[in-house]
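Examining the three-dimensional arrangement
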Amino acid sequence: EAQMPPGEQLPRYVRVNTLKTTVEDVVDYLKRDGYTYQGQASRLDDLTLKEKNFVKDLHLPELLVFSPKTDFHDHFLYKAGHIILQDKASCLPAHLLNPPPGSHIIDACAAPGNKTSHLAAIMKNKGRLFAFDLDAKRLATMSTLLLRAGVTCQQLANQDFLKVNPDSPQYKDVEYVLLDPSCSGSGMVCLQDRTAADQSRLASLAAFQLRCLNHAATFPRLKRLVYSTCSIHSQENEDVIAAFLQQNSTFRLVRLLPQWPERGLEPLSQCLRASTSKTRTHGFFVALLEKHSEALSSTP
Ligand code: SAM
């Protein structure tokens, strides 16, 4: 195994906000701004870039990849909400959930809202996006971020997701849930030294994560549920999913992106993992759960 490159060595990823612009327009703008476009990446090594070179990502269609030292925080495209600065791994959940325009969705633990804005872009701002977060301050940041990104289909609530009533009429058409709950953060390269595995903390996070999954599963019209963490610990990832599947026999895992280089730990290879060494991202885990069609058709 190659040695884990430090955080400064990770590529910088830029998600194009398709609510405001297109990938082509951003590429053209950046070319005029002194960046050198090298086309679409075709293998992982193409993501190792120097200076002002950039490429289109090989897995995610709206993602551009830059050299590790690139900083767009003061750039016009960022300030105008045309680009979102988001690690590649954290673009997976919304991309994989892929809710069609018009659908009703819950983003259960949503702040600061990068995945919410990605969902809104995929839905083309059509439909309803119910977003919850327990932390009022993070929710305020989120509301600024969504405004800048031109998101209009959201309904934000400063609420404990575990206390959201699945039988409330406003959620009767919710078919998709994105669940990105609090986790140890052990996959974040910059935090890695500070997050030595504390078993009792991991156990309590895992219990919370499983409760959130179980709660999400109680929404009556639910079809697809995506679960993600920025943790590298199986206690918060495969173990939580395995426990959920044991308690919810109407759900099964969807096999994700066959061409993705890092899988969930066996036997949950349908899920994806991400890491600095294998995917050039922060550490991450994502699972997509789907309700059996028999279970759906028997729903009144
Ligand atoms: N999905 C977000 C994004 O992509 O920008 C990041 C979410 S962060 C990993 C987890 C969030 O869950 C935190 O903002 C935290 O305040 C929130 N949270 C924790 N417990 C919660 C609960 N019971 N109900 C709703 N939100 C909760």
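Scroll up for the structure.
In this report, we go over the structure that sits alongside the text. Remember, it's a predicted structure, so these values are computed and weren't measured experimentally.

Turning our attention to the overall build of the protein chain. Counting its regular elements, the protein chain contains 9 helices and 13 strands. Rg of the C-alpha trace for the protein chain: 19 Å, near the compact-globule value of 19 Å for 300 residues, within the 12% margin. For the C-alpha atoms alone, the extent of the protein chain along its principal axes is close to 55 × 45 × 35 Å. By the burial criterion, 53% of the 300 residues in the protein chain qualify as buried. A sequence separation of at least 24 residues applies to 70% of the contacts in the protein chain between residues at least 6 apart. Of the roughly 13,600 Å² that the protein chain leaves accessible, carbon and sulfur atoms contribute 50%.

Counting across every chain of the model gives 14 aromatic pairs. Ring centres of F161 and F219 lie 6.1 Å apart, and the angle between their planes is 10 degrees; on these two criteria the pair is classed as stacked. Of this pair, F161 sits in the loop between β8 (154-157) and β9 (174-179) while F219 is found in the loop between α6 (199-216) and β10 (224-229), placing the two residues 58 residues apart along the sequence. On the basis of relative accessible area, F219 is assigned to the buried category, the value being 0%. Clustering of aromatic rings is evident, with ring pairs tying together Y35, Y37, F54, F66 and F72. The ring of Y35 has K52 sitting right over it, with the charged end atom 4.3 Å from the ring centre. For R148, the ring lying beneath its charged end belongs to Y78, and the centroid distance is 4.7 Å.

Bringing the pattern of salt bridges into the picture now. Considering all chains together, one arrives at 13 salt bridges under this definition. The salt bridge partner of D45 is R280, with a shortest N-O separation of 3.4 Å. With D45 in the loop between β2 (36-40) and β3 (53-56) and R280 in the loop between α8 (276-279) and β13 (284-291), this pair connects stretches of sequence that are 235 residues apart. R273 serves as the salt-bridge partner of E238, at 2.8 Å between the closest nitrogen and oxygen. Of the two residues, E238 sits in helix α7 (residues 238-247) while R273 sits in strand β12 (residues 272-274), which places them 35 residues apart along the sequence. On the accessibility criterion, E238 (4% relative accessible area) is buried. Classification of R273 by relative accessible area gives buried; the value is 10%. One salt-bridge network, held together by shared partners, links K172, D173, E175, R221 and K223.

Let's shift gears to the pairing of β3. A regular strand places its side chains so that they alternate between the two faces of the sheet. Pairing analysis gives 3 bridges linking β2 to β3, with the strands arranged parallel. For T36, the partnering residue across the bridge sits in β3 and is N53. As defined by bridge partners, β3 adjoins strand β4 (residues 63-66) across 3 bridges and the pair is classed as antiparallel. Considered in β4, the bridge of F54 is made with F66. Hairpin connection, β3 to β4: the antiparallel pair is bridged by 6 residues.

Cut-offs used in this document
Residues numbered from 1 in each chain as written. Predicted model: local features only at pLDDT ≥ 70, side-chain atom pairs only at ≥ 80, totals over all residues. Heavy atoms only, no water. Helix = DSSP H or I, 4+ residues; strand = E, 2+ residues; numbered from the N terminus. Rg over C-alpha atoms; globule rule 2.2 N^0.38 Å. Buried < 20%, exposed > 50% of the residue type's maximum accessible area, 1.4 Å probe, protein only. Contact = heavy atoms within 4.5 Å. Areas by Shrake-Rupley, 256 points an atom, 1.4 Å probe, with all protein chains shown as cover. Phe/Tyr/Trp six-rings, centres within 6.5 Å; stacked < 30°, edge-to-face > 60°. Lys NZ or Arg CZ within 6 Å of the ring centre and 35° of its normal. Salt bridge = Lys/Arg side-chain N within 4 Å of Asp/Glu carboxyl O. Pairing = 2+ DSSP bridges.

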